[in-house]
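Next come the chains, spelled out residue by residue.
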Amino acid sequence: MYAQMVKSTGKNVQALEDMPPEERAFQERIDRGEKIEPKDWMPDAYRKNLIRQIGQHAHSEIVGQLPEGNWITRAPTLERKANLLAKVQDEAGHGLYLYCAAETLGVSRDELFEMLHTGKMKYSSIFNYPTLTWADMGAVGWLVDGAAIMNQVPLQRTSYGPYARAMVRICKEESFHQRQGYHIMMTMANGSSEQKRMAQDALNRFWYPSLMMFGPSDKDSVHSAQSMAWKIKMNTNDELRQKFVDETVPQAEYLGLTVPDENLKWNEERGAYDFSEPDWEEFYNVVSGNGPCNVERLEARKKAWSDGEWVREAMLAHAEKKAMRKEAAE
Amino acid sequence: MAEKKEWPLWEVFIRGQHGMSHRHVGSLHAPDAERAIKNARDVYTRRNEGVSIWVVEAGNIAASSPSNKGPMYDPARDKVYRHPTFYDIPDEVGKM
């Protein structure tokens, strides 16, 4: 891992020796595979970067409830409805695990929400795409959760203890999400020709946005080297994207669906698929706020937050009143 | 914007079905202890992970300082005679 930083900073030994003693001791702990815990000394930039990363991750879980929540009341069967409800509830839980991990770094929950609502912090670009048909619930579970898992499994080994522990819980729970999505796809792909057409259409629309989830191509990814040295990023974007394609293509073949990429071809020499990169212009456009659903998603979050304000205040007032009564009785 | 009061932070401990003792699983925000337990049920036991929940307001937890690691734990290091393997017992004696 450390070797990755060498390329960007010069010589390995020098990089370590150039650091002030505290920072050097810190980097050495990470290199030894030790976990950094909330009260340990850490460089400001490590703390800042982690708040940004964990915060964005948490926001993605919470905003990620919206495209699927859209279909809970319209699920085709009671069983599918219960499955989807459980999945969306899990996403809320995952957001909460991550918010607590971020809070151990000295940022408050309300500050994190504030940064989401004012656009200072982002969430994954994928959730700015609409979910138009029931087949999209299949595609989201299969592809979006599949890509998320690919990203999260290595993060179980990340250097920051609370983040790593949240990832362990999340990964344990998330495999059901992907399987329920694939199960929907299997049912539709084996259903009527109309259902199969819907499944193919969902794959067509979610394929490239899913590839974008891994972030820009390595050659354009500016923060990677430092994040990898700190072990808050374990693999490069392109590595994970490749892994995702290699795992997903056979799953699409099993469904009898076609991945919407004319250049997709098994490369015997590399032992991996060659594939087309997503449209990066579209990616940057969606990230900067101009995707099909950016405004709607953010408005929904802000509305939930302001609509809930009187409840939060009332519950706090009630708790204070109870505490005072108890004190008076003693 | 006026400073809004946040719900306090609670640390959550859960004892699993076959667990020996309560284990820290994470934290959450709640206005009071009763609500914290209910929230903990929803956030941390969605898959039957526990049979008992403790919640403690985070501010009430005192913790050892990481920078004190040396003076705190070093004294136990050189006392290997506290472990059973320190004492050689001949095989003829049997299992002990």
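Now for a description of the structure that goes with this document. (Residues numbered from 1 in each chain as written. Chains lettered and ligands numbered in written order. Predicted model: local features only at pLDDT ≥ 70, side-chain atom pairs only at ≥ 80, totals over all residues. Heavy atoms only, no water.)

1. Notes on the overall build of chain A
- Along the backbone of chain A there are 15 helices and two strands.
- Since a compact globule built from 330 residues should have a radius of gyration of about 20 Å, the 22 Å found for chain A is in line with a globular shape.
- Overall, chain A is about 65 × 65 × 35 Å in size when its C-alpha atoms are taken along their principal axes.
- For chain A, with 330 residues in total, the buried portion stands at 50%.
- Approximately 16100 Å² of chain A is accessible, and the part contributed by carbon and sulfur atoms is 54%.
- Between the centroid of the 41 positive side chains of chain A and the centroid of its 49 negative side chains there is a distance of 4 Å. (Helix = DSSP H or I, 4+ residues; strand = E, 2+ residues; numbered from the N terminus. Rg over C-alpha atoms; globule rule 2.2 N^0.38 Å. Buried < 20%, exposed > 50% of the residue type's maximum accessible area, 1.4 Å probe, protein only. Areas by Shrake-Rupley, 256 points an atom, 1.4 Å probe, with all protein chains shown as cover. Lys, Arg positive; Asp, Glu negative; His and termini not counted. Charge placed at Lys NZ, Arg CZ, Asp CG, Glu CD.)

2. Some points on the interface of chain A and chain B
- Counting from both sides, the interface comprises 25 residues of chain A and, opposite them, 23 residues of chain B.
- When chain A packs against chain B, the two sides together hide about 2000 Å² of surface, and 51% of this comes from carbon and sulfur.
- Across the pair E173 of chain A and R46 of chain B runs a salt bridge whose closest N-O atoms are separated by 2.9 Å.
- Our count for the contact surface shared by chain A and chain B stands at 13 residue pairs in polar contact (both at pLDDT 80 or more).
- Within the residue set of the side of chain A that touches chain B, elements represented by two or more residues are α6 (78-103), α7 (109-117), α9 (161-189) and α15 (309-329) of chain A.
- A per-class count over the side of chain A that touches chain B returns seven nonpolar, four polar and 14 charged. (Contact = heavy atoms within 4.5 Å. Buried area = accessible area lost by both parts, 1.4 Å probe. Salt bridge = Lys/Arg side-chain N within 4 Å of Asp/Glu carboxyl O. Polar contact = N/O pair within 3.5 Å; in protein donor to acceptor, adjacent residues only side chain to side chain. Nonpolar A, V, L, I, M, F, W, Y, C, P; charged D, E, K, R; others polar.)

3. Focus: the sheet that holds strand β2 (residues 23-29) of chain B
Residue and element names in this part refer to chain B.
- If you trace the three strands from one edge of the open sheet to the other, you get β2-β1-β3, paired in antiparallel fashion. Edge strands, defined here as strands with exactly one partner in the open sheet, are β2 and β3 (52-57). Within this sheet the neighbouring strands show an average axis-to-axis angle of 30 degrees, counted without direction. (Pairing = 2+ DSSP bridges. Axes fitted to C-alpha atoms, helices over the stretch in contact; angles between N-to-C directions.)

4. Examining the nonpolar core
- In this structure, W134, W142, W207 and F244 of chain A are the most contacted members of the largest nonpolar core, which totals 45 residues.
- Contributing elements (two or more residues each) for this core: α5 (65-72), α6, α8 (135-155), α9, α10 (193-212) and α12 (237-255) of chain A.
- Broken down by element, the residue count for this core peaks at 10 residues, all from α8 of chain A.
- Listed in part, the 40 residues of the second largest apolar core include I62, Y97 and A102 of chain A together with A30 of chain B. (Core = buried A, V, L, I, M, F, W, Y, C linked by side-chain atoms within 4.5 Å.)

5. What about the side chain of Q200 of chain A?
- Structurally, Q200 of chain A can be placed in helix α10.
- The contact partners of Q200 of chain A, leaving out residues within four places of it in the chain, are L257 and T258 of chain A.

6. A few points about the environment of R35 of chain B
- Locating R35 of chain B in the fold gives a position in helix α1 (residues 33-44).
- A sequence separation of 30 residues divides R35 of chain B from S65 of chain B, and the C-alpha atoms of the two residues are 30 Å apart.
- If near-sequence neighbours (up to four positions away) are discounted, R35 of chain B is found in contact with M315 of chain A together with A30 of chain B.

7. Some details on helix α13 (residues 280-290) of chain A
Residue and element names in this part refer to chain A.
- Among the residues of α13, those classed as buried are W280, F283 and V286. Burial along α13 is one-sided: seen end-on, the buried residues are contained in an arc of 120 degrees. Facing away from the buried side of α13 by over 90 degrees, the exposed positions are E281 and N290.
- Contact partners of the buried residues in α13: α10, α12 and α14 (294-307). (Arc of directions from axis to C-beta.)

8. With respect to the pattern of salt bridges
Residue and element names in this part refer to chain A.
- Overall, the coordinates contain 29 salt bridges over all chains when judged by the stated rule.
- Note that E296 and R297 form a salt bridge whose closest N and O atoms lie 3.9 Å from each other.
- Since its relative accessible area comes to 52%, E296 is described here as exposed.
- The salt bridge partner of K303 is D307, with a shortest N-O separation of 2.8 Å. In this pair, K303 and D307 both sit in helix α14, four residues apart, roughly one turn of the helix.
- One connected set of salt bridges, linked through shared partners, spans R29, R32, E34 and D40.

9. Examining a nonpolar patch on the surface
All names here are of chain B.
- On the surface, a cluster of nonpolar side chains totalling about 760 Å² of accessible area is made up of V80, Y81, F86, Y87, I89, V93 and M96.
- Relative to the helices and strands, V93 is located in the segment after α2 (69-77).
- Taking relative accessible area as the criterion, V93 reaches 47% and is therefore assigned partly exposed. (Patch = residues over 30% accessible without salt bridge, like charges linked within 9 Å, V, L, I, M, F, W, Y side chains within 5 Å.)

10. Let's talk about the side chain of Q242 of chain A
All names here are of chain A.
- Examined against the element boundaries, Q242 turns out to sit in helix α12.
- What makes Q242 buried here is its relative accessible area of 15%.
- Here R270 takes part through its side chain, which lies 3.3 Å from a polar atom of the side chain of Q242.
- Look past the residues within four positions of Q242 in its chain and what remains in contact with it is R270, A272, Y273 and F275.

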